[in-house]
Amino acid sequence: MKLRLVLAGFCAMVLALASLSTTTQAAPSFGLQLPWPAGTQHRINGGNGYNCGTHTGGDYYALDFAFASGEAVTAVAAGTVATKIFSNFGYGNHLILDHGYGYTSLYAHLQSFAAGISVGATVIGGQIVGYADNTGDSTGDHLHLRMQKSGAAYQPEPMSGVTGFGNYGACTANPTSPYWTSRAPFDAQQLSDASGDAAHKNDAVVFYAASGNWQVAYSNGIDFVSPSTWITGHGYTSNRELLGDVNGDGKADAVVYFGSNGSWYVALSTGSSFAPYTLWKTGHRVGSSDHFLGDVTGDGKADAVVFFRQSGDWYVAASTGSSFGTSTRWIAGHGAGSTTQMLGDVTGGTPSRADAVVYFESIGGQNAVWYVARSNGSGFDPYSQWIVGHGFTSDRQMVADVNGGGRADAVVYFGANGSWYVALNWV
Amino acid sequence: MLGDTTGDGKADATIYYGSGWWYVAPSTGSSFGSVSDWITNYGVGS
């Protein structure tokens, strides 16, 4: 197998997107999650100009969120603990996470730190790192969140898919802030064939975390049309919202995961709506750090797959068509500490099975390294290196068959200039 | 996002803006082609 690097150059897209972009900063090579447990809400009560606050300098883009004393604070992204300080001054008890490549996040005025949080410890996005309070130079209970890149103020957007937090510069007294719901970064807008049309065109599916409402706009091949609500109240306070054809009828179903007990609820697609949701699985698996739907068994039904970032363990609960079966470990030590994890059929052939792919921004002195563990239908084979040097400092890493070759290709996206690069997967 | 929005068996590149604009650059098999808006004012607040 050889891989050919192709610059998918579409200047028109670069120009069009650049002209529409309101944020000129490049996002870090990971998604950001609002700094509280998934499914729960907080609002802004201060910032630079917000409530006539005075965040300046390296804190220019820092945000104050209303928290009660003792409420949990979570990491905006994976990283390592760079600083942990107890203090009665300035930021008070505070924590700084290093996300790599110059990106840091600071959580200030904390009451205490979560168990296991010590300098050098690794954390995953959404992990509880501490508890809010009013320590240091602070006039009330709140979380002060600051991000920086290479020591300069960095605007932390989007978080949980949301942009527009700040009110930088203009003094606005007592503004009304919406409540923002924390969730994994990329679940709110997705593409999947919910309608199950003959050509398997992917529709545009939107999830509203605040209500648990799902909307679908059909693809007609040249536009997304007729957006409508397909189900209400499905996945409110859930941790992940996913789409996949779990019953093998050719239509993508709406599936949500709750991290508190590892439960999965499914709302099957009828082609024009999602039917009432039902419980398909519990205990798959508390403490896991990423979650997927993909047909790893090759029976035409999407299975529930979870990944543990610290150990690199992957567990699969195979779909029976009406539930997810026993949660079993398919591979250990694949992608521990990796930047991004994905499922896609990079092997090809019949039956089509999803393989486990991981991307490391850096590992072993090399940058942008991809590894794959191929599915054999009942487990993942030992992993092997797939690509090196594709996507360093990119903002997104994805696998999908972009040339119709029957195998997933490796695609990366750079937000700074709207560039997409493809490593085609040739055999 | 990547997904076969055109139904030709090749995944296309899609960008979503929080303002509710969705742009698609269809795959030609060797590049992503001209970008166009596929829907507007859809998904605001999601």
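On a predicted model such as this, the values are computed, not experimentally measured, just so you know.

1. Focus on the overall build of chain A
From N to C terminus, chain A includes one helix and 31 strands. Out of the 427 residues belonging to chain A, those deemed buried represent 51%. Pairs at least 24 apart in sequence give 50% of the contacts found in chain A among residues at least 6 apart.

2. Digging into the confidence of the model for chain B
Taken as a whole, chain B shows an average pLDDT of 92; of its residues, 98% reach a score of 70 or greater. As a predicted assembly, this complex carries a pTM of 0.76 together with an ipTM value of 0.97.

3. What to know about the interface of chain A and chain B
In this assembly, 40 residues from chain A lie in contact with 34 residues from chain B. For the side of chain A that touches chain B, the secondary structure elements donating two or more residues are β1 (2-8), α1 (11-20), β13 (189-192), β14 (203-208), β15 (213-219), β16 (224-231) and β29 (396-400) of chain A. Ranked by residues supplied to the side of chain A that touches chain B, first place goes to α1 of chain A with five residues. Of the residues belonging to the side of chain A that touches chain B, the class tally is 24 nonpolar, 13 polar and three charged.

4. Some remarks on unusual backbone geometry
Residue and element names in this part refer to chain A. Omega for the bond connecting histidine 284 with arginine 285 falls within 30 degrees of zero, at -20 degrees, which places this linkage in the cis form. Secondary-structure assignment places arginine 285 in the loop between β20 (278-281) and β21 (290-294). That bond from threonine 350 to proline 351 is cis: its omega, 0 degrees, falls within 30 degrees of zero. With respect to the helices, strands and loops of the structure, proline 351 is situated in the loop between β25 (340-344) and β26 (355-363).

5. Section: the sheet that holds strand β1 (residues 2-3) of chain B
Residues and elements named next belong to chain B. Across the sheet, which stays open at both edges, the four strands sit in the order β1-β2-β3-β4 with antiparallel pairing between neighbours. Each of the sheet's edge strands pairs with one partner strand only, and the pair in question is β1 and β4 (36-39). Taken together, the two bridges between β1 and strand β2 (residues 12-17) define a ladder with antiparallel strand orientation. Residue pairing in the sheet places glycine 3 in a bridge with aspartate 12 of β2.

Criteria and thresholds
- Residues numbered from 1 in each chain as written.
- Chains lettered and ligands numbered in written order.
- Predicted model: local features only at pLDDT ≥ 70, side-chain atom pairs only at ≥ 80, totals over all residues.
- Helix = DSSP H or I, 4+ residues; strand = E, 2+ residues; numbered from the N terminus.
- Buried ≥ 20, exposed ≤ 12 C-beta atoms within 10 Å, placed from the backbone.
- Contact = placed C-beta atoms within 7 Å.
- pLDDT = per-residue confidence, 0-100.
- Nonpolar A, V, L, I, M, F, W, Y, C, P; charged D, E, K, R; others polar.
- Pairing = 2+ DSSP bridges.

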